[in-house]
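As a plain string of letters, each chain reads:
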Amino acid sequence: MATGEELIARPVPVATFVGRDDDLAALAERLRGTRMLTVHGAGGVGKTELALRAVRDYPDPVHVVDLTQVNDAEMLVALVTESVGVRDHSPHPPLTALLDHLGARAVLLVLDNCEHVADAAADLAATLLASAPALRILATSRIAPLHVPGERLYRLEPLGLPDPCAGLDEVRASDAVRLLVDRATAVAGDFAVTEDNVTDVVHLVRKLDGLPLAITLAAARLRSLTVNQLIDRLDGAFSVLASQRRDLAPQHRALAGVLDCTYRLCDAAEQLAWQRLSIPEAGFCIRAAEAICADGTEITADRVLDLVDGLIQKSVLGMYEVDGIARYRMLETTRQYAADRLAESGETALLRDRHLAYYRDFALEAAQKWFAPGERELWWVRMAVSHFANLRSAMQYAVDAGGDQAVAGLGIAIGLANLRVWFFRGTIREGYLWLTRLLAEQPPSAPVPVLVEAAVAASWTAVCMGDPTRAEAALSRCRALAPRDPATTFAEGAYRLIITGDAAAIQQLARARADLLAADRHGAAHMAALFWGIATAFLGSPAEAREAATQIHTEATTAGAAWALSWTRWVRALTELRHGSPTRAVTLFRRSLLEQRSWDERWGTVWSIHGIAWSLAATGDYGTATRVLGITRTLRTTTGFQIAAMRPFAHIHSEVERQCLRALGPETYRTTFDTGTTLTPSAAQAVALGETPPAANPWLELTTREREVAELAAQGLNNREIAELLHISTRTVETHIRRLLPKLGLRRRAQLPRWYTDRHNQQTA
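The rules behind the values
- Residues numbered from 1 in each chain as written.
- Predicted model: local features only at pLDDT ≥ 70, side-chain atom pairs only at ≥ 80, totals over all residues.
- Heavy atoms only, no water.
- Core = buried A, V, L, I, M, F, W, Y, C linked by side-chain atoms within 4.5 Å.
- Buried < 20%, exposed > 50% of the residue type's maximum accessible area, 1.4 Å probe, protein only.
- Helix = DSSP H or I, 4+ residues; strand = E, 2+ residues; numbered from the N terminus.
- Contact = heavy atoms within 4.5 Å.
- Salt bridge = Lys/Arg side-chain N within 4 Å of Asp/Glu carboxyl O.
- Pairing = 2+ DSSP bridges.
- Axes fitted to C-alpha atoms, helices over the stretch in contact; angles between N-to-C directions.

Student: Could you give me a rundown of the nonpolar core, with the residues and numbers involved?
Tutor: Soluble globular proteins tend to bury their nonpolar side chains together. The biggest cluster of nonpolar side chains holds 194 residues, and the ones touching the most others in it are Trp274, Phe490, Trp607 and Phe649. In terms of residue count, the dominant contributor to this core is helix α22 (residues 448-465) (twelve residues). Those residues in contact with Phe490 that lie beyond four places of it in its chain are Val456, Trp460, Leu509, Ala512, Met527, Ala528 and Phe531. Judged by nonpolar contacts, the second largest core, of 49 residues, contains Val18, Leu37, Leu168 and Val171.

What follows is the structure, given as C-alpha cells:
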C-alpha cells in the first residue's frame, strides 16, 4: 500500500459519497484485470467522484492528475510529471524524466477529465504503458474510447432510480433518492422522504435521470421550494431545452434544465457574476473575483462579496480555505454552462483580459515579497502555488493572444521567477518553458526592461538546470538588449561560475551585486550575492570566501528573510567545507535542510543533502557519506538536474565519490551506496540529518477504511455485520480483510483480535 513515505495525490472528496457499491466493485475487478481502464459517461454522471472513491484504498501508490488545468500535449506531460513527484530541472524533455521515474514501479495513474485533450492523453497513456510494465491507468472522459492499446471501457450510468410504483422503503433505498436526501439535508436539515412527498420525490429523481450533479443542484433548491414546486420549474425548463437544444443527449438536456433553473433563481447581478466567474479555471479568492467581475456600473467592487455569497447559497460556488484565505470554486460542468452564456454575450475576451491583468499584478506583487522580513515571502510562495492553475491559464491565454496580452503574460512569468516559486516547487524547467514561450510572442512594442528581466531569468534558470546551450542563448539575448544592465552582469557571472568554473565570476558577481543595490533592486542584488558567495567558496581565497559569506548572511539576517537565510546558511556551510571546519559544515548544512524540510522546499533540500554528503566525507565518516551519496543519486534521478554540466559542483562531487570508494573498497562502497538509493524521501532526509529513521508502524500502513474494518473484525463481527455498519458490500469487506492481514504481519483472521488487544495494551502501558 502507499504510505506517507510515498509522494501521492489522493484528493479527499468534501461531500459524502452515496451509493455506487456495484460500480465500485466492478471497477475494482476491472482494474485488477487491465492496465488501461477508461470510465466514460455523460457530463455530471459522477465519473470523477467514482474514480476517487475507487482508488482510495488501492494497494499501490496512486497519483491523480486533473487534466482540466492543461490544453496542449507539452503541458499535459509537464503536469503529469509534476503530479507523480518528478521535479525535473534537466534540459531533457519531461517525458524522459517521467519514464525514468516510473520504471518498473507499481503505480496507478488517474487521468481525470481527458475529453478536451483526448488525443494527447491517449498518446501519453500509450507511451507510458509501453515503457512502464507495472503501471496501470484509470482515465475518466466524456469521450470514449481513447484508442489506447489494451484499453477497456467502463460506462458509468446514472444512479439507480426507484420504480414509480415502489413502496416507501424501496424508494428510500434507491441510490438516487439516497443522494437527494443526503444533499438536501445538508442545506435543509429537516428534509425527509415521507408518505406525503414520496410520489413527488420519485418524479423528481426520474425527471433528473439520476444524474448526481443534477440531483445535487436540485437538492439545494429544497431549502426554499417544495419538491412539487421544484418539479414545476424543471418542467418548464425541459420543454424549452427540448425545442432549442436537440443536439444535446437526453441526460445533458436534464442537466441543462437544472442549470437553467438555478440560473433563473439568481438575480441579474448574480447571473452576470456567475458568467464572469467562469473565467477562472480553478479556485479563486475574493480579490480575483472583484477584479474579474466588477466593472463599476453593472457590478461594483463592494457588491462582489455579496454576490459570491449568493452563489454559494445557490450551490453554484463552493468555498474552501488555503492558509487562512477563503477560496471559491465552481463545478466544471457548472462553469462550462456559464462560460457558454458568457460567450453568447461577447464578453469572453474582455474578461480573459481582466483575469490576465489580475494575475499579472498578483505575480508582480508576490515577487516584491521575496527577500522580505519574516516568513511573509513563504506565505506569498504558498499563495502563488495555490493559484497555479489560474496563473498557468493566464499565461497560456497570453501566449495564444500575443500582442499586449503577451507582455502581461511575460509579467506573470517574471514575477514567478523572481519569487523563486519554480525552485520552491522543484519545477524550474516549467519556469524556463513559460519564460521562453512568452518571450517568443513579444510584440515590437514590448518594453526593453521587461525583455531583459525575462531573458536574465531564463538564463540563470537554465544555468541551474545545468543546460549550457539554453543558458548561453538567453544570455546572448541579454547582451544584445542591455549589455551594461547589472542584471546582464549577474547572468554572465552566474554562467561563468556554474558552467565554466571561471574565477572571473567572483568580481563579476560582486560588481552586479553592488550595481543592483545602487539601483534599489534589493531582491535581485541578494540573488547576485548568493552566487557571489558560492563563487568565492569554490574559486576564491579563504579570506574572500569568509568575507562574502559573512556579508550575505548579515544582509539576510538584517532583512529578516527566512528563506534567504536558509540559503546564506548553505553558503556559510560550503565556505566551512572548503576553507574551515567540515564538522561545522555538516551542522550548517543540516540546519538548512531542517528548515527546507519544514517548508517542503524542493530545490534546497537537494543541495543541502549533497552538501551533507561532501562534508561527512571530509570529516572521515565515509560510511554515512557513501549512504548519503546514494540518496543524492536518487535525488538527481527524480529531479533530472545535470550536475555534470555544473563544473564546481561536479568536481567536488566526483572527488568525494572517489574518496569514499578508496576508503571503503569497491564491494562495501557499492553495498552502502545502494542502501541510500532505496530509502524513501522522509527516511533519506532523516539519514542525512543524522536522525534515526522512523520505525515502521504497521497500523499506519492501513487505510482509514481498513482500520475501521480491522477494529470491527477484531471485536468478532462477521463480514455481513461489518458491511451493514459501514454501509459497504460484504465483498468489499472481504477485500479489505484480505489486504490488511499481510500488512499487519498476520496470516489468519483469527489472529486479529489478539494483535489488536496487544496493540491497545502497548498504547496504554
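Let us keep going from here.
Student: Report on the pattern of salt bridges, specifying residues and quantitative values.
Tutor: Throughout the structure, instances matching the rule amount to 31 salt bridges. The residue Arg425 makes a salt bridge to Glu82 at a minimum N-O spacing of 1.9 Å. Placement of the pair is Arg425 in helix α20 (residues 421-425) and Glu82 in helix α3 (residues 73-83), with a sequence separation of 343 residues. With a shortest N-O distance of 2.9 Å, Arg513 and Glu555 are connected by a salt bridge. Taken as a pair, Arg513 in helix α25 (residues 505-518) and Glu555 in helix α27 (residues 542-559) lie far apart in primary sequence, 42 residues in all. Judged by its relative accessible area of 18%, Glu555 is buried. Where salt bridges share partners, they join Glu82, Arg392, Arg425 and Glu430 into one cluster.

Student: Describe the sheet that holds strand β2 (residues 62-66), listing the residues and the values that go with them.
Tutor: Paired through backbone hydrogen bonds, the strands of a sheet run either parallel or antiparallel to each other. Reading across the sheet, the five strands line up as β2-β3-β4-β1-β5 and stay open at both edges, with parallel pairing between neighbours. Every interior strand has two partners, whereas the edge strands, β2 and β5 (152-155), have only one. Recorded for the sheet is a direction-independent mean angle of 20° between the axes of neighbouring strands. Direction of pairing for strand β1 (residues 36-40) relative to β5: parallel, over a ladder of four bridges. Following the sheet pairing, Val39 is matched in β5 by Tyr154. Its contacts with the sheet place helix α2 (residues 47-54) against β1, β2, β3 (107-112) and β4 (135-141), and it is angled at close to 155° to β4. Most of the contacts of α3 go to β2, to which it runs at about 145°, and overall it touches β2 and β3.

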